[in-house]
Amino acid sequence: MRETVVPTNILLITADDLEGSTPGAFGGADDVTPALDALAAEGMIFGRAHVAVAVCQPSRSAIMTGLWPHRNGAEGFGPIDPGIPVLTSRLAAEGYRTGILGKVNHLQPVERFGWDTTVDMRRLGLGRSPRRYAEETAAFLAAAGERPWFLMVNAHDPHRPFHGSEDVRRMFGDAAEEIPDPSRMYRPEEIEGPPGYLPDLPAVRAEYAQYLSSARRCDDVVAAVLAELEASGHRDDTLVVFLSDNGMAFPYSKANCYIQSTRTPLIVRWPGVVSPGATDPARFVSMLDLFPTFCEVAGVDPGDVDGQSLVPILQGGGEEPRDHVVTVFHETAAKGRYEMRCVQSARYGYIWNAWA
């Protein structure tokens, strides 16, 4: 294993259904994600980062096992197979305190992950309250004391129902009162319009504006969590990674293998290692690479995994870059099987559909 000078702690922040081009640092509107854009300016962004599978639970299971869905067993919204090693157990063996805020049940079986701290969506304003995320982050950091820690913070935005839609009250009932407004809300007439793969029709534009408002609230969560990290004094000894689990919940994005479905806005801040404002626009990376990356940072053997550590790249070197990335799809939340595979290169995405 390589000798590295590394921070002790790991903060993994995920968005739920944030399209890869939404943050300003990745080409989106300048005012939607100020906290993420500031984080990007302090770290490194990857222009060709992709999730292994573009739907929530399997995507997260792949990240936390470092294995393809067909290897970890979580091809759909089900548990990983018995005996599959998970990141938290590797880190706990080295004395790490582990915690998860939000999306707790999207890593199954929950007990296999052995979290020291679990906070579900109801205690987080249905996964949409920056204040509650800040409070729970502060509590976790205080409980960790002098131990090294791994904290997975999962925002539930900008997953549907979008802010301002009638579905919020229909889905959440009176609990919707717990959800705060974003710090900035968008009107259809003031936005540039949806991405080019969607038609710029009034109803689509209205929903896309609601999506951007939800994306801003996700950014508010990021800002709140990073402020607590700063206040704790652990900013400089913490590796911070941000990504989205898949593309946004619109046609041609999410739950398939189109590029906008699998591309994720990966940001890595590593004080003292990654140069602020660094960009890697051309190298293909997979979110399967995060498991061995976190293991190397913690000085842990990752075992038999399907990714490769990003530490050499973050340190300014790295092996010969990939010229493509592979992505897959198996099963929807409704248990519908739609087998897909994609080889994504700089120019083409070759998609195979078994069901076509």
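The text that follows walks through the structure, step by step, so that each part is easy to find. Everything numeric in this text was worked out from a predicted model, so none of it was measured.

1. What about the nonpolar core?
Judged by nonpolar contacts, the single largest core of 45 residues is most densely connected at Phe 46, Phe 150, Val 241, Leu 266, Met 287 and Phe 294. Examining the composition of this core, we find that six residues originate from one element, helix H10 (residues 290–298), more than from any other. Discounting residues that sit within four places of it in the chain, Phe 46 has contacts with Phe 26, Thr 264, Leu 266, Val 268, Asp 280, Val 285, Ile 313 and Leu 314. In terms of nonpolar packing, the next biggest core, distinct from the first, is built from 43 residues, Leu 11, Ala 15, Val 204 and Tyr 208 among them.

2. Structural notes on the packing of helix H6 (residues 130–144) against helix H8 (residues 202–232)
For the pair H6 and H8, the least separation of the axes is 8 Å and the interaxial angle reads 30°. Taken as axis vectors, H6 and H8 run roughly parallel relative to one another. Between H6 and H8 lies a crossing whose hand is right-handed. Mapping the contact onto sequence places Pro 130, Tyr 133, Ala 134, Thr 137, Ala 138 and Leu 141 in H6 and Arg 217, Asp 220, Val 221, Ala 224, Val 225, Glu 228, Leu 229 and Ser 232 in H8. Class assignment of the residues belonging to the contact of H6 with H8 gives a composition of nine nonpolar, two polar and three charged.

3. A look at the pattern of salt bridges
Oppositely charged side chains can form a pair if their charged atoms are brought close together. Applying the stated rule across the entire model yields 33 salt bridges. Between Asp 220 and Arg 216 there is a salt bridge, with its nearest N and O atoms 3.8 Å apart. Within this pair, Asp 220 and its partner Arg 216 are both found in helix H8, separated by four residues, close to a single helical turn. Pair check on accessibility: Asp 220 and Arg 216 agree, each one buried. Each member of the salt-bridge network shares a partner with another, and the members are Glu 75, Glu 331, Lys 335, Arg 337, Glu 339 and Arg 341.

4. Structural notes on the side chain of Glu 339
One can find Glu 339 in strand E10 (residues 337–345). A distance of 2.8 Å separates a polar atom in the side chain of Glu 339 from a polar atom in the side chain of His 330. At 2.4 Å, the side chain of Glu 339 and the side chain of Arg 337 are in polar contact. With sequence-adjacent residues up to four places away left out, Glu 339 is seen in contact with Phe 329, His 330, Trp 352, Asn 353, Ala 354 and Trp 355.

5. Remarks on empty space enclosed by the protein
Summed over all chains, the structure comprises three cavities of 30 Å³ or more. Taken as a whole, the largest cavity spans an internal volume of roughly 90 Å³. If you list the elements that add at least two residues to the lining of the largest cavity, you get strand E8 (278–286) and helix H11 (311–314). With three residues, E8 is the largest single contributor of residues to the lining of the largest cavity. A class-by-class count of the residues in the lining of the largest cavity yields five nonpolar, three polar and four charged.

Reading guide: rules and limits
Residues numbered from 1 in each chain as written. Predicted model: local features only at pLDDT ≥ 70, side-chain atom pairs only at ≥ 80, totals over all residues. Heavy atoms only, no water. Core = buried A, V, L, I, M, F, W, Y, C linked by side-chain atoms within 4.5 Å. Buried < 20%, exposed > 50% of the residue type's maximum accessible area, 1.4 Å probe, protein only. Helix = DSSP H or I, 4+ residues; strand = E, 2+ residues; numbered from the N terminus. Contact = heavy atoms within 4.5 Å. Axes fitted to C-alpha atoms, helices over the stretch in contact; angles between N-to-C directions. Parallel < 35°, antiparallel > 145°, perpendicular 65-115°, else oblique. Left-handed = near helix turned anticlockwise from the far one by under 90°. Nonpolar A, V, L, I, M, F, W, Y, C, P; charged D, E, K, R; others polar. Salt bridge = Lys/Arg side-chain N within 4 Å of Asp/Glu carboxyl O. Polar contact = N/O pair within 3.5 Å; in protein donor to acceptor, adjacent residues only side chain to side chain. 1 Å grid on protein atoms, 1.4 Å probe; cavity = no way out; pocket = protein on both sides within 12 Å on 5 of 7 lines; lining within 4 Å. Points joined across faces, edges and corners; volume = space filled by probe spheres on them.

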